[in-house]
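Spelled out from the first residue to the last, the chains are:
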Amino acid sequence: MLIAANWKMFKGPAETRAFLEGFDPPAGVDVILCPPYASLAAAVESGRHTIYAQNVHWEPSGAYTGEISAEMLHELGVTGALVGHSERRQLFGENDEMVARRARAALEAGLGVIACVGETLEQRESGDTELVLKIQVEAIAFAAGDHPNLALAYEPVWAIGTGRTATPELAREAHAFVKGILDRPVLYGGSVKPENAAELLAQPEIDGALVGGASLDPDSLAQICRAATS
Ligand code: PGA
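> For this particular structure, what's the right way to read the sheet that holds strand β5 (residues 112-117)?
Sheets are built from strands that pair by backbone hydrogen bonding, the pairs being arranged parallel or antiparallel. Sheet architecture is closed into a barrel: 8 strands sit in the order β1-β2-β3-β4-β5-β6-β7-β8, paired in parallel fashion. The sheet shows a mean angle of 25° between the axes of neighbouring strands, direction not considered. Alignment of strand β3 (residues 50-53) against strand β4 (residues 80-83), held across 2 bridges, turns out to be parallel. Bridging from a neighbouring strand, Ala 53 pairs with Ala 81 of β4.

This is the structure:
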């Protein structure tokens, strides 16, 4: 079971070190922490957890202001990256082609990748969930195939940071659909908390969780990790 913590634009290096001092997950669960770029070095220093970035560019270097390459992440000791998070897609204009290029380049450079997909509320309500997931997952599958270092995260956009979680049944259906297109582990994300983690993670199609808000507190993240082992 894999529990990944997406810290988004929270925690500078000092807060990252403080978190790591207080974070004590149980054995038997793989933990990945995804701090902001500025805190990656501080997180790697602790040497205790797998550290991923929140994004990665497809070129090794070049005139791409604001971007970071897989080679740079390697040099820091970072072993993977998220790509295609819905905040990147919605707020920063990333499309399926960019997400696919990011995923392929990172995997080719030897990084692990968690590629995020998910529908908006409008898309769900208009009955387009499967169409949207198919387009997003096929773009990743076309670029990256079923690479062993690739995982997916199903994150319904309407459940992110809203306190509104997908029901286990709804999440299960979406995960089964995604796996039918690309047979890789699929994490669930969207308002995962200590209170709902066990029920979600009990679904056979759910291989772990991508946790935002509830991953910022070390005790809360450790509780979610415990739910993953039970
Ligand atoms: P959330 O975020 O747990 O705060 O809903 C999840 C994510 O955006 O990855």
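Alright, that's what it looks like, and here's the rest.
> Got a minute to help me understand the environment of Arg 164 in this structure?
Relative to the assigned elements, Arg 164 resides in the loop between β6 (150-154) and α8 (168-181). If near-sequence neighbours (up to four positions away) are discounted, Arg 164 is found in contact with Leu 121, Trp 158, Ala 159, Gly 190 and Ser 191.

> So what exactly am I meant to see when it comes to unusual backbone geometry here?
Trans is the common state for peptide bonds, and a negative phi is the common state for residues other than glycine. Phi at Lys 8 is positive, roughly 50°, even though this residue is not glycine. Relative to the helices and strands, Lys 8 resides in the loop between β1 (2-6) and α1 (13-22). Of note, the phi angle at Ser 191 is positive, near 55°, even though the residue is not glycine. In this fold, Ser 191 is placed in the loop between β7 (186-189) and α9 (194-201).

> Explain the pairing of β6 to me, please; I cannot follow it from the model alone.
On a regular strand, each side chain points to the face opposite its neighbour's, so the side chains alternate between the two faces of the sheet. Most of β6 is tucked away: 5 of the 5 residues are buried. Alternating positions in β6 separate into two faces, Leu 150, Leu 152 and Tyr 154 on one and Ala 151 and Ala 153 on the other, with burial throughout. Looking at chain direction, β6 and β7 are connected through 3 bridges and run parallel. Residue Tyr 154 lies in a different strand from β7, and its bridge partner there is Tyr 188. Handedness of the crossover is the feature at issue here: the chain leaves β6, passes through α8, returns alongside β7, and the resulting connection is right-handed.

> Help me understand α9 in this model?
Those residues of α9 lying buried are Asn 196, Ala 197, Leu 200 and Leu 201. Projected down its long axis, α9 carries its buried residues within an arc of 125°, all on one side. Set apart from the buried face of α9 by more than 90 degrees, the exposed residues are Glu 195 and Glu 199. Contacts made by the buried residues of α9 are with β1, α8, β7, β8 (208-211) and α10 (218-229).

Rules behind the numbers
Residues numbered from 1 in each chain as written. Predicted model: local features only at pLDDT ≥ 70, side-chain atom pairs only at ≥ 80, totals over all residues. Heavy atoms only, no water. Pairing = 2+ DSSP bridges. Helix = DSSP H or I, 4+ residues; strand = E, 2+ residues; numbered from the N terminus. Axes fitted to C-alpha atoms, helices over the stretch in contact; angles between N-to-C directions. Contact = heavy atoms within 4.5 Å. Buried < 20%, exposed > 50% of the residue type's maximum accessible area, 1.4 Å probe, protein only. Right-handed = clockwise from strand over helix to strand, strands pointing away. Arc of directions from axis to C-beta.

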